Amino acid sequence: MREIVLDTETTGLDPRTGHRLIEIACVEVEDFVPTGRTFHRYIHPERDIDPGAERVHGISLAFLADKPRFHAPEICEALLEFLGDAVLVAHNAPFDRGFINSELERLGRPPLQDERWVDTLALAQRRFPGMYNSLDALCKRFKISLAEREKHGALVDARLLAAVYLELRGGRERSLDLTMEVVRSDEPSGATTRAAHGPRPRPLAPRSTAEERAAHAAFVREVLKDKALWLKLDADLG
């Protein structure tokens, strides 16, 4: 399942009063694990930035002076292409959704529909009712490092949120999921059951020497012969 975890920074709190996007960042997640693909852009808002907002994210209008407007292809078109039809994940999703849809509406583009969005704030409130559930608080609760976060920045926050989202959906144990699945086979029953885990992302280095592996291969071929399990499994004998 492909999902996009995203975060935005803005000139103020409400797009209905004319506030605009100034930064957007997206982190691609598949089966609750970040793939390493990201999308990150700064955007000239064509208006001033509220001093209170600038104190939070540290982005000034001077810094944005040479950045493209939202209507530029490298912003709008590239963003929509990156999002595709994925589920969209945000913390306090109505805020981010409101700003992105406001920018799309200015260009006569269709909005990102509400049903596409997952709100991690709502997930956290259901899991931790009555507790403080800001992104900072959740990172501390789940022991996720905040070392990179000096101010609110969309890309850092999107990466942190991706880690929080994994925890809210079941924790790091998902990467060790050994659940069973039914798969089709050529057996008369037409189906078998096997563990649904894939290859290691980084294979373990061999602990035997080349000479030891050669001796083992010779023993299997000359002594065990057709009784060797390694041959039945078509294993590499070195």
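Rules behind the numbers
Residue numbers restart at each chain and count upward from 1, following the sequence in its written direction. It should be noted that, the model being predicted, local features are given only for residues of pLDDT at least 70 and side-chain atom pairs only at 80 or more, the latter also being counted only at that level, while totals for whole chains, interfaces and linings use all residues. In computing side-chain values, all of the structure's heavy atoms are included and hydrogens and water are not. In this text, buried Ala, Val, Leu, Ile, Met, Phe, Trp, Tyr and Cys residues form a nonpolar core when linked through side-chain atoms within 4.5 Å. Exposure classes here rest on a 1.4 Å probe applied to the protein chains alone. A residue is buried below 20% of its type maximum, exposed above 50%, and partly exposed in between. Runs of E in the DSSP output that reach at least two residues are strands. Runs of H or I that reach at least four are helices, and both are numbered from the N terminus. For this analysis, residues touch if any pair of their heavy atoms sits within 4.5 Å. Each Phe, Tyr or Trp ring, with Trp reduced to its six-membered ring, pairs with another whose centre is within 6.5 Å; inter-plane angles below 30 degrees give stacked pairs, above 60 give edge-to-face pairs, and intermediate values give tilted ones. Comment: the charge-over-ring label is applied if NZ (Lys) or CZ (Arg) is within 6 Å of the ring centre and within 35 degrees of the ring normal. Directions drawn from the helix axis to the C-beta atoms are what define this arc. We call two N or O atoms a polar contact when they sit within 3.5 Å, provided that within protein one can donate a hydrogen and the other can accept it, with sequence-adjacent residues counted only if both atoms are side-chain atoms. Think of it this way: DSSP has to see at least two bridges between two strands before they count as a pair.

So, about the nonpolar core. Ranked by size, the top nonpolar core spans 25 residues in total, and within it Val5, Phe142, Val164, Tyr165 and Leu168 carry the most contacts. For this core, the leading source of residues is helix α6 (residues 154-168), giving 10 residues. Dropping the residues within four chain positions of it, Val164 is found in contact with Leu135, Leu138, Cys139, Phe142 and Ile144. In this structure, Ile24, Cys26, Phe39 and Ala93 belong to the second largest nonpolar core, which totals 23 residues.

This part is about the packing of aromatic side chains. For the coordinates displayed, the defined rule picks out five aromatic pairs. Ring geometry for Phe32 against Tyr165: centres 5.9 Å apart, planes inclined by 45°, an arrangement best described as tilted. Of this pair, Phe32 sits in the loop between β2 (21-30) and β3 (33-42) while Tyr165 sits in helix α6, placing them 133 residues apart in sequence. The exposure classification of Phe32 matches that of Tyr165, with both residues buried. Centroid distance Phe39 to Phe82: 5.8 Å. Interplanar angle 35°. Geometry classified as tilted. Placement of the pair is Phe39 in strand β3 and Phe82 in helix α2 (residues 76-83), with a sequence separation of 43 residues. Residue classification places Phe82 among the buried positions, given a relative accessible area of 7%. Above the face of the Phe82 ring, Arg2 is positioned so that its terminal group lies 5.7 Å from the ring centre. The ring of Phe63 carries Lys67 above its face, with NZ or CZ at 4.3 Å from the centroid.

A few words on helix α4 (residues 120-127). Those residues of α4 that fall on the buried side of the exposure criterion are Thr120, Leu121, Leu123 and Ala124. Taken down its axis, α4 places every buried residue within 160° of arc, on the same side. Buried residues along α4 sit in contact with β4 (87-90), β5 (117-119), α5 (135-141) and α6. Its side-chain oxygen at 3.0 Å from the backbone nitrogen of Leu121, Asp119 defines the N-terminal cap of α4.

With nine of 10 residues buried, β2 lies mostly within the body of the structure. Relative to β2, strand β1 (residues 2-10) runs antiparallel, the two being bridged by nine bridges. In the sheet register, Thr8 faces β2, and the bridge partner there is Ile24. Across seven bridges, the pairing between β2 and β3 is antiparallel. Bridge pairing links Ile24 to Arg41 in β3. What sits between the antiparallel neighbours β2 and β3 is a turn of two residues, in which Asp31 has the positive phi angle 50°.

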